[in-house]
Amino acid sequence: MNKEFIYIELLNILDEESIKVDEPMKKHISFRVGGPADFLVKPRTEEELSNVIKFAKKENIPFMVIGNGSNLLVKDGGIRGIVIELSSNFNDCEIEGNIVKAQSGALLAIIGRNAMKNSLTGFEFAAGIPGTLGGALAMNAGAYGGEMKQVVKSVRLMDTDGNILELSNKEMKFEYRKSLLTTKDYVVLSAVLELQPGNIEEIKETMADYANRRSTKQPLNFPSAGSTFKRPEGHFAAKLIDDCGLRGLTLRGAQVSDKHCGFVVNTGEATAKDILDLMFVVKSTVNAKFGIMLEEEVKILGED
Ligand code: FAD
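Predicted, not measured: the structure shown is a model, and the values here were computed from it.

Draft legend 1. Focus on the site of the ligand. The environment of the ligand is formed by 35 residues, the closest being Val65, Gly67, Ser70, Thr132 and Gly142. Between an oxygen atom of the ligand and a main-chain N or O atom of Val65, the distance comes to 2.6 Å. Within the contact set of the ligand, a nitrogen atom lies 3.5 Å away from a backbone nitrogen or oxygen of Gly135. Coverage of the ligand by the protein amounts to 91% of the 970 Å² it exposes when considered alone. With five residues, helix 4 (residues 133-139) is the largest single contributor of residues to the shell around the ligand.

As structure tokens, then:
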């Protein structure tokens, strides 16, 4: 891949400030590890986004979209091709009645706060999840009995030819921590959410309760990607890990959190390899003891 050619072509589509070359991905993911992306671009408009995608497809350059990077683990060799970041732009959020219209880069915390100010209930579960709307729809993010599936009316997406599609909740095929976007390379542009009129004091109280539960139970003082593994049918990953005696297990800079065994954390100087090696130890130990193979919730990207 000729990087100079790609850079020049990207300059025909985007402003110079919107293109980063050899950008360290540790600056863009909550785990704070990972090598550089060849290119990291921040389109400002749908037209720029569509031109980047069409160019990448035509030239056979791999590309991917990230939101706030809070569910990603980028390997130490970094990412070849183009990473498209939508959280800096694409972050409008408007409310009309009980309908929220937000762009994919809007943070769930901001949408949650706006919903609360408008006395709308139904989004409290999401307000403490540190992602964007796009990432939350891709993952069908959820907490405290809520999930994105419960609030989505429709989603506006772009396909790899730059065409715009509007899909209903059903067409998004939401399941536990996955959606249509798990198998299709569509980019979320925006979504319409339907909430319910509620009582602002009760909404505030619920949000405060969830925030308090997070800070009491989760190791928010260390970089991580939240729950490292999905919940296996009929079990809790954290309990299985704890029952294997792995609480606090440390491998170089990576650690099974001693506050919450479901989180692998970066204690400061971890590499992606440290985290992946520790994840392997956790998976093998749980499988040997319980015959259950844990599946990663965190998305692993890039090269060794
Ligand atoms: P990213 O991590 O940037 O990306 C995640 C996936 O979404 C990638 O596959 C990416 O390609 C895709 N994606 C992102 N934007 C788009 C887009 N516009 N179009 C198409 N695909 C896109 N998750 C939960 O579900 N519940 C929790 O309670 C929870 N708690 C967490 C607590 C902590 C401390 C941390 C660090 C993470 C937690 N997470 C939780 C994980 C994470 O916050 C969610 O998965 C979140 O929805 C990811 O959003 P993001 O914008 O950061 O996406």
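Draft legend 2. Region of the structure containing the sheet that holds strand 1 (residues 19-24). Spatially, 1-2-5-3 is the arrangement adopted by the four strands of the open sheet, whose pairing is mixed. Looking at the sheet topology across the chains shown, the edges are occupied by strand 1 and strand 3 (63-66). Shown here is a sheet whose adjacent strand axes are inclined to one another by a mean of 35 degrees, direction ignored. Those strands touched by helix 1 (residues 3-11) are strand 1, strand 2 (36-41) and strand 5 (79-85), and its axis lies near 15 degrees from that of strand 2.

Draft legend 3. Expanded view of the nonpolar core. One finds Met25, Ile241 and Ile275 to be the most contacted residues of the largest nonpolar core, which totals 35 residues. Among the elements of the structure, strand 2, strand 4 (72-74), strand 5, helix 6 (237-243), strand 16 (254-256) and helix 7 (272-290) are those that each provide at least two residues to this core. If you tally residues by element for this core, the top one is helix 7, at six residues. In this structure, this core is formed jointly by two domains, domain 1 (3-85) and domain 3 (237-301), each of which donates at least three residues. With residues up to four places along the chain from it excluded, the contact list for Ile241 reads Phe229, Leu246, Val256, Cys261, Val282, Val286 and Leu294. Core analysis: the second largest hydrophobic core is formed by 32 residues, Cys93, Ala102, Leu120 and Met148 among them.

Draft legend 4. Representation of the sheet that holds strand 13 (residues 187-194). Across the sheet, five strands lie side by side as 6-7-13-11-12; this open sheet has antiparallel pairing. Among the strands making up the open sheet, the edge pair consists of strand 6 (93-96) and strand 12 (164-168). On average, each strand axis in the sheet is tilted by 15 degrees relative to the strand beside it, whichever way the strands run. Note that strand 11 (residues 152-158) and strand 13 share six bridges and pair antiparallel. Across the sheet, Leu157 pairs through a bridge with Val188, a residue of strand 13. Relative to the sheet, helix 2 (residues 46-58) contacts strand 11, strand 12 and strand 13, its axis offset from that of strand 11 by approximately 55 degrees. Across the sheet, helix 3 (residues 108-117) is in contact with strand 6, strand 7 (99-103) and strand 13; its angle to strand 6 comes to roughly 25 degrees.

Draft legend 5. Local environment of the domain arrangement of the protein chain. Structurally, the protein chain comprises domain 1 (3-85), domain 2 (93-217) and domain 3 (237-301). Computed from C-alpha atoms alone, the centre-to-centre distance between domain 1 and domain 3 is 29 Å. Across the contact, eleven residues belong to domain 1 and 15 residues belong to domain 3. Of the roughly 1,100 Å² buried between domain 1 and domain 3 on both sides combined, carbon and sulfur atoms contribute 68%. Contact with domain 3 buries surface across domain 1, with Phe31, Asn71 and Leu73 losing the most and accounting together for 51% of the total. Linking domain 1 to domain 3 there are zero salt bridges. The element best represented in the side of domain 1 that touches domain 3 is strand 4, accounting for three residues. Looking at the side of domain 1 that touches domain 3 residue by residue, the class counts come to seven nonpolar, one polar and three charged.

Draft legend 6. Inspection of the side chain of Gln255 at higher detail. Topologically, Gln255 is positioned in strand 16. A distance of 3.0 Å separates the side chain of Gln255 from the side chain of Thr250, its partner in a polar contact. Sequence-distant contacts of Gln255, that is, excluding residues within four places in its chain, are made with Gly248, Leu249, Thr250, Phe263, Val264, Val265, Thr267 and Leu278.

Draft legend 7. Geometry of the packing of helix 3 against helix 5 (residues 200-217). Two numbers describe how helix 3 lies on helix 5: the axes approach to 9 Å, and their chain directions differ by 150 degrees. In terms of orientation, helix 3 and helix 5 fall into the roughly antiparallel class. Only Ile200, Ile203, Lys204 and Met207 of helix 5 make contact with helix 3, whose side of the interface consists of Gly112, Arg113, Met116 and Lys117. Taken together, the residues that form the contact of helix 3 with helix 5 break down as four nonpolar, one polar and three charged.

Calculation notes
Residues numbered from 1 in each chain as written. Predicted model: local features only at pLDDT ≥ 70, side-chain atom pairs only at ≥ 80, totals over all residues. Heavy atoms only, no water. Near = heavy atom within 4 Å. Polar contact = N/O pair within 3.5 Å; in protein donor to acceptor, adjacent residues only side chain to side chain. Areas by Shrake-Rupley, 256 points an atom, 1.4 Å probe, with all protein chains shown as cover. Helix = DSSP H or I, 4+ residues; strand = E, 2+ residues; numbered from the N terminus. Pairing = 2+ DSSP bridges. Axes fitted to C-alpha atoms, helices over the stretch in contact; angles between N-to-C directions. Contact = heavy atoms within 4.5 Å. Core = buried A, V, L, I, M, F, W, Y, C linked by side-chain atoms within 4.5 Å. Buried < 20%, exposed > 50% of the residue type's maximum accessible area, 1.4 Å probe, protein only. Domains from an automatic or database assignment. Buried area = accessible area lost by both parts, 1.4 Å probe. Salt bridge = Lys/Arg side-chain N within 4 Å of Asp/Glu carboxyl O. Nonpolar A, V, L, I, M, F, W, Y, C, P; charged D, E, K, R; others polar. Parallel < 35°, antiparallel > 145°, perpendicular 65-115°, else oblique.

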